[in-house]
Amino acid sequence: MPFLERIQNKLAKYGEEYTVTGGTFLGIFKLLNSSTMSTYLDDVEEMAVSHPGLLLITEGEADIDVDDRLTRDRRTYTVLRVSQHRIGNATMVKIAILA
């Protein structure tokens, strides 16, 4: 099974819907621990995270950018970073850091 199909199957099975910039996508949310936070954010950005941050793994086609806002569990999060993970020229998944 190709890599993209495996990702899509996992998102379909375990992902939850979220809305950002008018579109609805599937993603897997994880509490952001300090080591992962330091991988994506510098020290000043880490101090700005006031409540538990989240790591979002989402579809490659998801229209999510820095400074977008999304709501999950009645909390509004701001996208601090977006990282695209590609195979060749195709984006397989996006990882977003939310605070």
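Overview of the structure.

Procedures and definitions
Residues numbered from 1 in each chain as written. Predicted model: local features only at pLDDT ≥ 70, side-chain atom pairs only at ≥ 80, totals over all residues. Heavy atoms only, no water. Helix = DSSP H or I, 4+ residues; strand = E, 2+ residues; numbered from the N terminus. Buried < 20%, exposed > 50% of the residue type's maximum accessible area, 1.4 Å probe, protein only. Polar contact = N/O pair within 3.5 Å; in protein donor to acceptor, adjacent residues only side chain to side chain. Contact = heavy atoms within 4.5 Å. Core = buried A, V, L, I, M, F, W, Y, C linked by side-chain atoms within 4.5 Å.

### Notes on the side chain of Thr58
Its place among the elements puts Thr58 in strand 3 (residues 54–59). Using a relative accessible area of 0% as the deciding quantity, one classes Thr58 as buried. For Thr58, the side chain forms a polar contact with the side chain of Tyr18, separated by 2.7 Å. There is a polar contact of 2.8 Å between the side chain of Thr58 and the backbone oxygen of Leu26. Not counting the four nearest positions on each side in its chain, Thr58 is found in contact with Leu11, Tyr18, Phe25, Leu26, Gly27, Ile64, Val93 and Lys94.

### Section: the nonpolar core
Counting residues in hydrophobic clusters, the biggest one holds 13 residues, and the most contacted among them are Tyr18, Phe29, Leu56, Ile64, Leu70 and Leu98. Looking at this core, the elements that each hand over two or more residues are strand 1 (16–20), strand 2 (23–31), strand 3, strand 5 (75–87) and strand 6 (90–98). Apart from residues no more than four positions distant in its own chain, Ile64 is found in contact with Tyr18, Val20, Leu56, Thr58, Leu70, Val79, Val82, Lys94 and Ala96. If you look at the next biggest cluster of nonpolar residues, it comprises 8 residues, including Met37, Val49, Ile95 and Ile97.

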